[in-house]
Amino acid sequence: MIDPLITQHFRLSEFLTSQTATRRGIDNTPSPEALANIRNVLIPGMQAVRVILGKPVHITSGYRSPSLNVIIGGSPNSQHVSGHAADFRCPEYGPPAEVAHRLVSSMQRLKFDQLILEGAGPSAWVHISFAARPRNQVLTAYFDGGKVRYSGGIA
Ligand SMILES: [Zn+2]
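Everything numeric in this text was worked out from a predicted model, so none of it was measured.

Trainee: Is there a simple way to explain the environment of Tyr142 in this structure?
Mentor: With respect to the secondary-structure elements, Tyr142 resides in strand β5 (residues 137–144). A relative accessible area of 29% means that Tyr142 is categorised as partly exposed. Taking the C-alpha atoms as reference, Tyr142 lies 7.6 Å from Ala120; in sequence the two are 22 residues apart. Setting aside residues up to four positions removed in sequence, Tyr142 forms contacts with Lys147, Val148, Arg149, Ser151 and Ala155.

In structure tokens, the structure reads:
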């Protein structure tokens, strides 16, 4: 597959690859509309994140087809399904909480829709989404026995 750089640091494949999809034999090919969002909204947004952090960004989950989203147990209106959201870590910059704080403090120049610090400690990750009319909403997600609870801001 030809997989050119879309921006200076990101290739399309980084946002389409899913170990779960591969393992379970699920087609994770985006619709033309979702593909357009990934290329024109999500990847440019992640490039801005990459520039602010100044270190390699590792996408752990990008696009999710509707069937993959069901298997993963994602929210039915997840922005991963529309191609607007990605989960990532940036270990060379620091733990996910530090990454989240850095991005929140850069809100003047980084227009995101939602930024969620998901989980705690080194196994946490940052969820971020981008949209035409960004809300710049900041949340922390806590997982208690399979249930997710959100609170405003980054702890
Ligand atoms: Zn996410």
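Trainee: Mind showing me how you'd approach the packing of aromatic side chains here?
Mentor: How two aromatic rings sit relative to each other is given by the distance of their centres and the angle of their planes. Under the definition given, this model contains 2 aromatic pairs. Measuring from centroid to centroid gives 5.6 Å for Phe10 and Phe15, while their planes differ by 65 degrees, and the two rings are edge-to-face. Here Phe10 and Phe15 have matching classes, each one buried. Between Trp125 and Phe143, the ring centres sit 5.9 Å apart and the planes meet at 25 degrees, which makes this aromatic pair stacked. Residue Trp125 is found in strand β4 (residues 125–129), and its partner Phe143 is found in strand β5; the two are separated by 18 residues along the sequence.

Rules of the game
- Residues numbered from 1 in each chain as written.
- Predicted model: local features only at pLDDT ≥ 70, side-chain atom pairs only at ≥ 80, totals over all residues.
- Heavy atoms only, no water.
- Helix = DSSP H or I, 4+ residues; strand = E, 2+ residues; numbered from the N terminus.
- Buried < 20%, exposed > 50% of the residue type's maximum accessible area, 1.4 Å probe, protein only.
- Contact = heavy atoms within 4.5 Å.
- Phe/Tyr/Trp six-rings, centres within 6.5 Å; stacked < 30°, edge-to-face > 60°.

The values are spatial; any link to function lies outside them.
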